Amino acid sequence: METTTSLPTHWYNIVPDLPAPPPPPLRPGTREPVGPDDLAPLFPAELIAQEVSAESFLPIPEEVREVYRLWRPTPLIRARRLEKALNTPARIYVKYEGVSPVGSHKPNTAVPQAFYNARQGIRRLTTETGAGQWGSALAFACSQFDLDCEIWMVRASYDQKPYRRSMMELYGARVHASPSPRTTFGAKALAETPDSPGSLGMAISEAVEAAAPEDTHYALGSVLNHVLLHQTIIGEEALEQLTALGETPDLVVGCTGGGSNFAGLTFPFLRESLQDRMHPRILAVEPAACPSLTRGRYAYDFGDTAGLTPLLKMHTLGHGFIPDPIHAGGLRYHGMAPLLSHLYEQDLFQAIAKPQRECFEAGVLFARTEGIVPAPEPTHALAATIEEARRATEPKVILTALCGHGHLDMAAYDRYLSGEMTDHALPEDRLAAALSHLP
């Protein structure tokens, strides 16, 4: 069974509903709060306004909704065959974002970012991408608004996922493996470590450096407030869909890397909880190889490796941390979104970490029962969902987000099915070394 709903007219901003506001970004040199003028070289005025907005609901421009209609609203699927396989009394609902043109949730923010930049007269956007989902989304969005797009793709994913690269190029983008010789930072990184697998932090450094020309801006696929804001269209639809079914979730589960998918699903339900209308347990699931929430430090740190960004108060593993090349490339980020980090400190949700083989086992089970091949990233949420469903002794409602399909991730499934996939532990001494360089 699947249900649809109406297309939302507004994004939801959780900040006004919080008990305390999140700490502001700081200028690295002075430790003074960042102002709009500091962000203007990288972002259009509308996105800067959304980043600091005190309004609870922000209208979605009709030009953006027109593109959204290509795939939204997305289906809410009752995973009955998975429930049967687990022999669970739980009812499992999956909000499926893999029906978008690029097969993930990322166009939810790529489209408005491209729109606002085009409206301000920007002609070119630069960005980074891990697994390639964000890069594909921005390339697609730029094609909708006649913008040039240049993408730095983390080397590990560039090698693992060649068809993601092909998809970006199909939409008209130029794609470089990161670290690359095309930027000062990338050339320096290659000189020091020629075989570097790269990281999202490194790719961000390159994309930010390349955004210097006046007709060029930088676009970010996660972490910042305006990105999380755009993704709340997921949770708003899911809330309406569950309400139409007469269901109230007992547990809401999402995977976390930078945090956009998790925030997009959970913020509308956290609003309902803060306003005492329902009280689901909220659970974030991250990779054991890159556990920023469960093992990171809550501190001010750079959002990129080179230190080009403002200082962000977030759960971080250290901006110099380079995660092992796990197959969930979209979750290989050293920090968690500052807004989500703040909510975690307020005990508004819980977090756990999962090793990748357990996650791929969950992905295979989901594919064999429900027929949908999940991307590696949401297999983390599926693993926790399956664990909770098996543990259930009485009826409960579990909601999770399947933030993308895995049709372009079959090399990863090949490694799992052949028994060649390994788990990556994060030794304490390696984590301590990365954290020792916090600014």
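This report concerns the structure included in the present document. Remember, predicted model here, so these are calculated numbers, not experimental data.

Rules and cut-offs
Residues numbered from 1 in each chain as written. Predicted model: local features only at pLDDT ≥ 70, side-chain atom pairs only at ≥ 80, totals over all residues. Heavy atoms only, no water. Helix = DSSP H or I, 4+ residues; strand = E, 2+ residues; numbered from the N terminus. Buried < 20%, exposed > 50% of the residue type's maximum accessible area, 1.4 Å probe, protein only. Areas by Shrake-Rupley, 256 points an atom, 1.4 Å probe, with all protein chains shown as cover. Lys, Arg positive; Asp, Glu negative; His and termini not counted. Charge placed at Lys NZ, Arg CZ, Asp CG, Glu CD. Expected span 1.5 Å × (residues − 1). Core = buried A, V, L, I, M, F, W, Y, C linked by side-chain atoms within 4.5 Å. Contact = heavy atoms within 4.5 Å. Pairing = 2+ DSSP bridges. Right-handed = clockwise from strand over helix to strand, strands pointing away. Axes fitted to C-alpha atoms, helices over the stretch in contact; angles between N-to-C directions. Nonpolar A, V, L, I, M, F, W, Y, C, P; charged D, E, K, R; others polar. Phe/Tyr/Trp six-rings, centres within 6.5 Å; stacked < 30°, edge-to-face > 60°. Lys NZ or Arg CZ within 6 Å of the ring centre and 35° of its normal.

Looking only at helices and strands, the protein features 18 helices and 15 strands. Taken along its principal axes, the extent of the C-alpha atoms in the protein is 55 × 50 × 40 Å. Buried positions account for 62% of the 439 residues belonging to the protein. Of the accessible surface of the protein, which amounts to about 15,900 Å², a share of 51% is contributed by carbon and sulfur atoms. Within the protein, the 51 negative side-chain charges are centred at a point lying 5 Å from the centre of the 37 positive side-chain charges.

What follows covers helix 5 (residues 107–119). Between its first and last C-alpha, helix 5 extends 18 Å over 13 residues, near the 18 Å set by a 1.5 Å rise per residue. Burial runs high along helix 5: eleven of the 13 residues are buried.

The biggest cluster of nonpolar side chains holds 70 residues, and the ones touching the most others in it are Tyr-68, Val-111, Phe-267, Leu-340, Phe-349 and Leu-399. Among residues more than four places away in sequence, those in contact with Leu-340 are Leu-228, Gly-259, Phe-262, Ala-263, Phe-267 and Phe-349. Of all hydrophobic cores here, the second largest spans 28 residues; its members include Leu-82, Phe-366, Leu-382 and Ala-392.

Attention shifts here to the pairing of strand 11 (residues 281–287). Judged by how many residues are buried, strand 11 sits mostly within the fold: six of seven residues are covered. Alignment of strand 10 (residues 251–255) against strand 11, held across five bridges, turns out to be parallel. Looking at strand 11, one finds that Gly-254 is bridged to Ala-284. Running through helix 12 (residues 260–274), the crossover from strand 10 to the neighbouring parallel element strand 11 is right-handed.

The description of two packed helices rests on the angle between their axes and on the distance between the axes. Two elements in contact, helix 9 (residues 184–192) and helix 10 (residues 200–209), have axes whose closest approach is 8 Å; the angle formed by their N-to-C orientations is 145°. In contact with Thr-184, Phe-185, Gly-186 and Ala-189 of helix 9, helix 10 contributes Met-202, Ser-205, Glu-206 and Glu-209. By residue class, the composition of the contact of helix 9 with helix 10 is three nonpolar, three polar and two charged.

We now examine the sheet that holds strand 8 (residues 174–178). With respect to topology, four strands assemble into an open sheet ordered 8-7-6-9, the strand pairing being parallel. Because the sheet does not close on itself, it has two edges, and the strands there are strand 8 and strand 9 (216–218). Averaged over all adjacent pairs, the angle separating strand axes in this sheet is 20°, with direction ignored. As judged from the three bridges shared by strand 6 (residues 124–129) and strand 9, these two strands associate in the parallel manner. The residue of strand 9 that forms the bridge with Leu-125 is His-217. Here helix 10 sits on the sheet in contact with strand 6, strand 7 (148–154), strand 8 and strand 9, set at roughly 165° to strand 6.

It is a general feature of regular strands that their side chains alternate between the two faces of the sheet. Burial analysis of strand 6 places six of its six residues in the buried class, which makes it a mostly covered element. The alternating pattern of strand 6 places Arg-124, Thr-126 and Glu-128 on one face and Leu-125, Thr-127 and Thr-129 on the opposite face, and all of these are buried. Strand direction decides the pairing type here: strand 6 and strand 7, joined by six bridges, are parallel. The residue bridging Thr-129 from the neighbouring strand is Met-153, located in strand 7. Handedness of the strand 6-helix 6 (residues 133–144)-strand 7 crossover: right-handed.

With that settled, the discussion passes to the packing of aromatic side chains. The final tally for this structure, using the stated rule, is eleven aromatic pairs. Centre to centre, the rings of Trp-71 and Phe-140 are 6.3 Å apart; their planes meet at 70°, and the pair counts as edge-to-face. With a gap of 69 residues between them, Trp-71 in the loop between helix 3 (62–68) and strand 4 (76–78) and Phe-140 in helix 6 connect regions that are remote in the sequence. By relative accessible area, Phe-140 is classed as buried at 4%. A network of ring pairs unites the aromatic residues Tyr-68, Trp-71, Phe-140 and Tyr-171 as a single cluster. Residue placement shows Arg-165 over the ring face of Tyr-158; its charged tip is 4.4 Å from the ring centre. One residue, Arg-271, lies across the ring of Tyr-12, its end atom 4.5 Å from the ring centre.

Residue Pro-73 is bonded to the preceding Arg-72 through a cis peptide linkage, with omega at 0°. Inspection of the secondary structure puts Pro-73 in the loop between helix 3 and strand 4. Geometrically, the link from Ser-178 to Pro-179 is a cis peptide bond, its omega value of 10° lying close to zero. Position of Pro-179 relative to the elements: it lies in the loop between strand 8 and helix 9. With a phi angle near 60°, Asp-146 is a residue other than glycine that sits in the positive phi range. The topology assignment puts Asp-146 in the loop between helix 6 and strand 7. Of note, Asp-276 is a non-glycine position whose phi angle comes to about 65°, a positive value. Topologically, Asp-276 is positioned in the loop between helix 12 and strand 11.

Here Gln-231 shows up in helix 11 (residues 225–244). Apart from residues lying up to four places away in sequence, Gln-231 is in contact with His-105, Lys-106, Asn-108, Thr-109, Ser-260 and Gly-264.

Such coordinate-based values are descriptive only and should not be taken to indicate function.
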